[in-house]
Amino acid sequence: ASNLCNVFEQAIHLQEIDKIKQTMKNYGAMNAIMTGSGSAVFGLFAEESQAYKCVGKLKRQRFFANLCKPISHGVKLL
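Residues numbered from 1 in each chain as written. Predicted model: local features only at pLDDT ≥ 70, side-chain atom pairs only at ≥ 80, totals over all residues. Heavy atoms only, no water.

S.K.: I keep staring at helix 3 (residues 48-60) and nothing clicks. Help me out?
M.R.: Every α-helix carries 3.6 residues per turn, so stepping three or four residues along brings you back to the same face. Counted at 1.5 Å a residue, the expected span for helix 3 with its 13 residues is 18 Å, and the 19 Å between its end C-alpha atoms agrees. For helix 3, the secondary structure elements touched by its buried residues are helix 2 (15-26). At the C-terminal side of helix 3, arginine 62 shows a positive phi close to 70°. (Helix = DSSP H or I, 4+ residues; strand = E, 2+ residues; numbered from the N terminus. Expected span 1.5 Å × (residues − 1). Contact = heavy atoms within 4.5 Å.)

Rendered as structure tokens:
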């Protein structure tokens, strides 16, 4: 998690991105970074309970937030 970075964050500095990242870190994220050109921010949490609390806080701050979990397989056709 500590090796994650997005150099584009240095090119555009948005207060909203900083606020989201700081909230995630305050709630226990091992790291939080902007995706690609800034369409989203994600955080990595060791504890699911911390991630759920963070989602709640971000929603109270009026940000769109969802909890996502990694999966052990690629796309499956149903």
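Moving on from the model shown.
S.K.: Would you take a moment to explain the nonpolar core for this structure?
M.R.: The tendency in soluble globular proteins is for nonpolar side chains to be buried side by side. In terms of nonpolar packing, the biggest core is built from 12 residues, these being Ile17, Ile20, Met24, Ala29, Ala32, Met34, Val41, Cys54, Val55, Leu58, Phe63 and Ala65. If near-sequence neighbours (up to four positions away) are discounted, cysteine 54 is found in contact with Thr23, Met24, Tyr27 and Phe45. (Core = buried A, V, L, I, M, F, W, Y, C linked by side-chain atoms within 4.5 Å. Buried < 20%, exposed > 50% of the residue type's maximum accessible area, 1.4 Å probe, protein only.)

S.K.: Help me out: how do you make sense of the pairing of strand 1 (residues 31-34) in this one?
M.R.: One face of the sheet, then the other: side chains in a regular strand alternate in exactly this way. Burial along strand 1 is two-sided: the residues Asn31 and Ile33 and Ala32 and Met34 are all buried. Turn length for the strand 1-strand 2 (residues 41-44) hairpin, with the two strands adjacent in sequence and antiparallel, is six residues, and the turn residue glycine 36 shows positive phi of about 35°. (Pairing = 2+ DSSP bridges.)

S.K.: Looking at this model, I keep getting lost on the environment of glycine 28. Mind explaining?
M.R.: One can find glycine 28 in the loop between helix 2 and strand 1. Here glycine 28 falls in the partly exposed class, since its relative accessible area comes to 26%. Residues glycine 28 and phenylalanine 63, spaced 35 residues apart in sequence, show a C-alpha to C-alpha distance of 18 Å. Among all residues touching glycine 28, those that are not within four sequence positions of it are Phe45 and Gln50.

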